[in-house]
Amino acid sequence: MVRNRKLYEAIIQFLIRVCGYSAVLFVAAIFIFLLQAGLPALVEIAPSSLLGLRWYPITTQYGLLPLLYGSFIITFGAAIFSIPFGIATAVFIAEVAPRWMREVLKPFVEILAGLPSVVLGFLGYLVLAPLIRTTLNLPTGLTALTGSILLAAMALPTIVSVAEDALDAVPKSYRDGALALGATKWQTIWRVTLPAARSGVLTAVMLGVGRAIGETMAVMMVTGNAAQIRWDGLFYPARTMTATIAAEMGEVASGDVHYRVLFLIAIILFLITFIVNLIASSMLIRAKKRAERMLS
Amino acid sequence: MRRACRFLPVILCLILPACSPPESSSATSSNAITDRGSDTLVNLALAWAETYAKIDPSVSISVSGGGSGVGITSLIEKTTDIANASRAIKPEEVQSAKDNGVEPMEFIVARDAIGVIVNPANPINQLTLQQVSDIYSGKTSNWKDLGGEDRPIVRVSREVTSGTHVYFLESVIRLGNSKDTTIFAADTLLLPSSEGIMSEVGQNPNAIGYDGLGYITPTVKKIRLSKDPAGPFIEPTVATALDGTYPISRDLYMYTNGEPTGKVKEYLDWILGPEGQKVVSDLGFVPIS
Amino acid sequence: MRVSRTVTQRIAFALLTAIMALTVLAILAIITYIFWNGLPAISLEFLSAMPSNGMREGGIWPAIVGTVILTIGTAVIAVPIGLLAAIYLSEYASDSPFTRTIRIAIVNLSGIPSVVYGLFGLALFVLFLGFGSSILASCLTLAIMTLPVIISTAEEALRSVPQSFRVVSISMGGTRWQTIWRIVLPQALPGILTGVILGLERAAGETAPILFTGAAFFLPQLPQSIFDETMALPYHLFVISTQVPGMPVQLQYGTALVLLIFVLAMNLIATFIRSYFRRKRQW
């Protein structure tokens, strides 16, 4: 009986280890596949062409700059809307709302998470785009801004949910201690609870923005997909890297130049998110170490 | 021993992916036909599939869109039996196919007229092909230059994977001149679907768009076109496409790998026959001859 | 002039309430709009029949079935792996550089765009491993995409269980795994469930990963094996709202509504389980 249990434990621990390592394996696998398929593009296409200002594969113009710009400006707009809204909502749900309201609000925000991007994209070009065109007096409502609003709506629930869980995980003793020292509820939230939950809130923001950068369908339907760079690009059509891949991937035969460039774009997307996440991860680790030092 | 065991999971992770299943069956099993490609053709293809299913229930036909480029690529990679295309296969594609052991065989299954559309509130009713070309290449940017209102022109188009897009580039923007290298203006909206085009043109007074006749809805206004500035300016209809007076109409194709046999042959023969062609005109496309 | 703490609090709370109200209003508006426009389309026939007349009539049964199959398939693959990985990180892993690498990898996986997953799924499962455009390829792709959400939230949930629980269990003679399985895991269940459901909801609604790995525009019959393609609700909605001319708008809203209800149902179950267990929380 004892030997069986030991064997059982060993097997379970083995499985756990395999799964623990799996994340690294997947990331490595994805990166390797992308590299293998996309790097040859750097050889086949002159760098000056890749840094060009026009993306038009039909005439082999593979300028990546307008695509980078499009992704950047739409994600930036989404972050501006979703981060303050998301954190504020999370704070409200976790700290300000009475118990009964919390139980209603949490699933409510999660409903937004469930809305598929296709549905939001559909509503976006039927309702939001015309609205933006008429209220802001633009030539067309299919703009980066429209995309940003939809992306913010999609990133919001992720930010709220994870941040709220993080705030909730802060031990009651922290709050009680602050209140006992005479702090108001708001002071407790602002100076004690939020800082204590900082790492979780940061994770929430990252997961949310990550969702925004990677969104494909909704932006494909509402941003107009025009590959152009303008200083006021937020109010004009733009083309993201993700929409480009989704729209053009089906037609490329594996191995030809267009195929390789699309994979190159995927590599760029991967690297951007990798660097952002690396920075955020190291911030998290440093914050955690600081917290441990403070408590010890 | 314990130390070595620690590495076992890593090794396992590396071995596992090497296991693969039996080769899954390719596109053709004798009673299933896959039909992929042009979004212009997809509804027609679907209507054919549904009607044919009533005639020969033993055959199951699956239909997918994605664009002419998708269909031809699938044909080259042998993942489809029939490729739908709203443009002719390119010489490079024929070469890729042959390199992969595929002999593309072309069938013209219907014809289509490309309509240029504007918002119903737009006072303009007719344009020459040269004017349309100038609009889309970026030379003309305001409706007032064409005698309309003082509004910026918003150019709407299909995506680059669309055969319709390629056809428009070659026949309208470049006016059929194969040496011309003009391309769409950088700020052209490349919408993923016909529905998006109708929606934008239908509610944005600044917009101009184009699409196959079968997709144009009553919510937009069709422009009469002429090659010659002197006229006559022709409305896009099935009749004018058939008799050739409308300047931009094109063939719609289906490609197979080599001479079709068996159920695929029966299906194609039916499509080219009177019943198949009746479906074509029911849907607003132009039957062959 | 120093603003009193009470005033600061009132302003802050008012602002928070306003933002919350705005968010709630927006969500309500979207849902009401979909319900209002989609409800008339819902009928038993709509839900259980195959599409006909170029999808303009008939029902969306194969799309519903497809989405259910894909969701279950994703869960079957992602949940065990994700949960075990979370357990590894929370209970077994020491703070070594390798563990930090794993964490970085997870955060990275969560940031990878869904369309890149689609490309990867195409390259690995469809082409390289030869599964072809199939349910299997789609489920595997969706599973890898869902993994980071499950691992992150599950680990957070496991970590939030106070150390005292584990200490007491071990001191009473329990093995590590017994402690995890019988004590820590049940306590962390609400948080884990949140993560799983959030992840699966997203998997059910995603289009880009299945676009090139297994989704089909129209199949005359239901899929017969995991190597077949399938219709799916999100892809179906994309297709009927963008490709089919003369598509009755009501059916589009109806399809959107069905997808929404599918997701709402998952939400409701998760909420119920979570609030039930929160009440029973022992710390």
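Criteria and thresholds
Residues numbered from 1 in each chain as written. Chains lettered and ligands numbered in written order. Predicted model: local features only at pLDDT ≥ 70, side-chain atom pairs only at ≥ 80, totals over all residues. Helix = DSSP H or I, 4+ residues; strand = E, 2+ residues; numbered from the N terminus. Buried ≥ 20, exposed ≤ 12 C-beta atoms within 10 Å, placed from the backbone. Contact = placed C-beta atoms within 7 Å. Nonpolar A, V, L, I, M, F, W, Y, C, P; charged D, E, K, R; others polar. Axes fitted to C-alpha atoms, helices over the stretch in contact; angles between N-to-C directions. Parallel < 35°, antiparallel > 145°, perpendicular 65-115°, else oblique. Left-handed = near helix turned anticlockwise from the far one by under 90°. Domains from an automatic or database assignment. pLDDT = per-residue confidence, 0-100. Pairing = 2+ DSSP bridges. Right-handed = clockwise from strand over helix to strand, strands pointing away.

Counting its secondary structure elements, chain A contains 13 helices and two strands. For the C-alpha atoms alone, the extent of chain A along its principal axes is close to 70 × 65 × 35 Å. When the 296 residues of chain A are sorted by exposure, 55% land in the buried category. Look at the contacts in chain A between residues 6 or more apart in sequence, and 75% of them connect residues 24 or more apart.

With that out of the way, let us pick up the overall build of chain B. Counting its regular elements, chain B contains ten helices and eleven strands. Burial statistics for chain B: of 289 residues in total, 48% are counted as buried. Contacts in chain B between residues far apart in sequence, at least 24 positions, make up 72% of those at least 6 positions apart.

In this section: the interface of chain C and chain B. Taken together, the contact between chain C and chain B spans 19 residues of the former and 25 residues of the latter. Looking at side-chain class alone, the side of chain C that touches chain B contains ten nonpolar, nine polar and no charged residues.

Residues and elements named next belong to chain C. At their nearest, the axes of helix 3 (residues 61-92) and helix 8 (residues 176-205) sit 10 Å apart, and the two run at 140° to each other. Taken together, the axis directions place helix 3 and helix 8 in an arrangement best described as oblique. Crossing angle aside, the handedness with which helix 3 passes helix 8 is right-handed. Along the contact surface, helix 3 presents T67, T71, T74, A75, A78, V79, L83, I87 and E91, while helix 8 presents I180, I192, V196, G199, L200, A203 and A204. In terms of residue class, the contact of helix 3 with helix 8 is made up of eleven nonpolar, four polar and one charged.

So, about the domain arrangement of chain B. Residues and elements named next belong to chain B. One can read the domain layout of chain B as domain 1 (14-111 + 251-282) and domain 2 (112-242). A straight line from the C-alpha centre of domain 1 to that of domain 2 covers 29 Å. Each partner contributes residues to the interface: domain 1 has 15 residues there, and domain 2 has twelve residues. Among the elements of the structure, helix 2 (39-55), helix 3 (68-76) and strand 4 (104-118) are those that each provide at least two residues to the side of domain 1 that touches domain 2. Looking at the side of domain 1 that touches domain 2 residue by residue, the class counts come to four nonpolar, eight polar and three charged.

What follows covers the confidence of the model for chain B. Taken residue by residue, chain B gives an average pLDDT of 82. The fraction at 70 or more is 89%. Below pLDDT 50 for its whole length, residues 13-28 of chain B participates in 21 contacts with residues either more than four positions away or in separate chains.

This part takes up helix 12 (residues 241-248) of chain A. For helix 12 of chain A, a buried count of eight out of eight residues is recorded, marking the element as mostly surrounded by other parts of the structure. Regarding helix 12 of chain A, the residues found buried are A:M241, A:T242, A:A243, A:T244, A:I245, A:A246, A:A247 and A:E248.

Our focus in this paragraph is the environment of A:G124. Mapped onto the fold, A:G124 is located in helix 6 (residues 117-136). Once the C-alpha coordinates of A:G124 and A:L112 are considered, the two residues, twelve residues apart in sequence, prove to be 15 Å apart.

So, on to unusual backbone geometry. Residue and element names in this part refer to chain A. Here the phi dihedral of T60 falls at roughly 50°; this positive angle occurs in a residue that is not glycine. Within the fold, T60 resides in the loop between strand 1 (55-56) and strand 2 (61-62). Located in the positive-phi region is N137, a residue other than glycine, with phi close to 55°.

What follows deals with helix 3 of chain B. All names here are of chain B. For helix 3, the buried fraction is high: nine of the nine residues fall into the buried class. Considered for burial, the residues of helix 3 that qualify are S68, G69, V70, G71, I72, T73, S74, L75 and I76. Packed against the buried residues of helix 3 are strand 1 (32-37), strand 3 (82-85), helix 4 (91-99), strand 4, helix 6 (163-173) and strand 11 (249-257).

Here we come to the packing of helix 2 of chain B against helix 10 (residues 274-282) of chain B. When two helices pack together, you describe them by how their axes are tilted relative to each other and by the distance separating the axes. Residue and element names in this part refer to chain B. It is the contact of helix 2 with helix 10, at a shortest axis distance of 10 Å, that shows an interaxial angle of 135°. As summarised for this structure, helix 2 and helix 10 are arranged oblique, according to the angle between their axes. Judged by the twist between their axes, the crossing of helix 2 over helix 10 is right-handed. Between helix 2, through L44, A47, W48 and T51, and helix 10, the contact on the second element is made entirely by G276, V279 and V280. Across the contact of helix 2 with helix 10, the residue classes break down as five nonpolar, two polar and no charged.

Here the focus is the pairing of strand 11 of chain B. All names here are of chain B. Within strand 11, eight of the nine residues are buried, which leaves the element mostly enclosed by the surrounding structure. The pairing of strand 3 with strand 11 spans four bridges and is classified as antiparallel. When the sheet's bridge partners are listed, I82 is paired in strand 11 with T256. Bridge count between strand 4 and strand 11: nine bridges; the pairing is antiparallel.

On to the environment of B:K263. Within the element layout of this structure, B:K263 appears in helix 9 (residues 262-272). Taking C-alpha positions, B:K263 is 56 Å from B:E149, a pair spaced 114 residues apart along the chain.

On to the pairing of strand 1 of chain B, then. Consecutive side chains of a regular strand alternate in pointing toward one face of the sheet and then the other. Residue and element names in this part refer to chain B. Along strand 1, five of the six residues are buried, which leaves the element largely enclosed by surrounding structure. As paired elements, strand 1 and strand 2 (residues 60-64) share five bridges and run parallel to each other. Counted as the bridge partner of R36 is S64 from strand 2. Following the chain from strand 1 across helix 2 to the adjacent parallel strand 2, one finds a crossover that is right-handed. Of the pairings in the sheet, the one linking strand 1 to strand 3 comprises three bridges and is parallel in character. Pairing of R36 across the sheet is with A83, part of strand 3.

Here we take up the confidence of the model for chain A. Across chain A, pLDDT averages 85, with 93% of residues at or above 70. Of all the helices and strands in chain A, helix 13 (residues 257-295) of chain A carries the lowest mean pLDDT, 77, while helix 4 (residues 65-96) of chain A carries the highest, 91.

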